[in-house]
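Residue-level listing of the chains:
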Amino acid sequence: MSGDIELLVLRLGLLAILFAYIGLIARYLLRAAQAPRTRRAASRRAANLVVLVPGESGLPRGARIPLAGRLVVGRSPESGIPLGDPSVSARHAELEERRGQWFVRDLGSTNGTFVDRKAVGGRWAPLRPGAELRLGTVVLRFEQDGLARGGVRLRQAGEKPYEAEVHH
């Protein structure tokens, strides 16, 4: 009889080890399935461009343009963000998100692309919340995760309003 009890205890022990092993595998798979979603959600931060100076784009002042992925901004109707202003080139600039950070570069436009009054040229320039992006006579403010909402950035003492050489 003691041999039967020992065999039963051995079988129950083996069964307990098997259930523990299956539980660990299930826990690992559950965490692995949730991890990519968490990482993707963190990199997809809400970003917008807010129209400060619409020029002749047809957009109202204060309009919000949602951003996602990689977009071309330009006068062309095929652009991801079409701006119908004559000072904006057909393919003026490109915006791109990389790991939650947004960047902009000029695509050889006639009137240039500026971030906070600095020409970006063909190199990728980072956009920080509150940055002002100028394309021709159109001025936009970059917002991310709700940051930089509120009023327009006030000019510093002695700072001139946007006056740039614009070719039509």
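Residues numbered from 1 in each chain as written. Predicted model: local features only at pLDDT ≥ 70, side-chain atom pairs only at ≥ 80, totals over all residues. Heavy atoms only, no water.

Draft legend 1. Geometry of the sheet that holds strand S7 (residues 113-115). Taken in spatial order, the six strands make up an open sheet running S2-S1-S11-S10-S7-S8, and their pairing is antiparallel. Strand pairing shows two members of the sheet lacking a second neighbour, strand S2 (64-66) and strand S8 (118-119), which therefore form its edges. Sheet analysis places S7 next to S8, joined by two bridges and oriented antiparallel. Bridged to valine 115 within S8 is lysine 118. (Pairing = 2+ DSSP bridges. Helix = DSSP H or I, 4+ residues; strand = E, 2+ residues; numbered from the N terminus.)

Draft legend 2. The nonpolar core, seen in detail. Ranked by internal contacts, the top residues of the largest apolar core, which has 25 residues, are Leu49, Leu67, Ile81, Leu95 and Val104. Going through the elements one at a time, strand S1 (47-53), strand S3 (70-74), strand S5 (93-98), strand S6 (101-106), strand S9 (125-127), strand S10 (132-135) and strand S11 (138-144) are the ones with two or more residues in this core. The contact partners of isoleucine 81, leaving out residues within four places of it in the chain, are Leu49, Ile65, Leu67, Leu71, Val72, Val73, Gly74 and Leu95. (Core = buried A, V, L, I, M, F, W, Y, C linked by side-chain atoms within 4.5 Å. Buried < 20%, exposed > 50% of the residue type's maximum accessible area, 1.4 Å probe, protein only. Contact = heavy atoms within 4.5 Å.)

Draft legend 3. Structural view of unusual backbone geometry. Here the phi dihedral of aspartate 116 falls at roughly 50°; this positive angle occurs in a residue that is not glycine. Within the secondary structure layout, aspartate 116 lies in the loop between S7 and S8. Take aspartate 116: its relative accessible area is 37%, and that puts it in the partly exposed class. In this model, arginine 117 sits at a positive phi of 70°, which is unusual for a non-glycine residue. Within the secondary structure, arginine 117 sits in the loop between S7 and S8.

Draft legend 4. Spotlight on the pairing of S6. Judged from the six bridges that link them, S5 and S6 form a sheet pairing that is antiparallel. By the bridge assignment for S6, leucine 95 is matched with valine 104. Counting the residues in the hairpin turn of S5 and S6 gives two residues, including arginine 99, whose phi is positive at 50°. Bridge count for S6 against S9 is three bridges, and the pairing is antiparallel.

Draft legend 5. Inspection of the pattern of salt bridges at higher detail. Inspection of the entire model under this criterion finds six salt bridges. Of the charged contacts, one joins glutamate 96 and arginine 70 as a salt bridge, the two residues approaching to 3.1 Å between their closest N and O atoms. Here glutamate 96, found in strand S5, pairs with arginine 70, found in strand S3; they are 26 residues apart in sequence, far enough to count as distant. For glutamate 96, a relative accessible area of 13% gives the class buried. Here arginine 70 falls in the partly exposed class, since its relative accessible area comes to 47%. Residues arginine 141 and glutamate 143 are paired through a salt bridge, measuring 3.4 Å at the closest nitrogen-oxygen approach. Each of the two residues, arginine 141 as well as glutamate 143, counts as buried. Within this structure, Arg70, Glu94, Glu96, Arg98 and Arg105 form a network of salt bridges that share partners. (Salt bridge = Lys/Arg side-chain N within 4 Å of Asp/Glu carboxyl O.)

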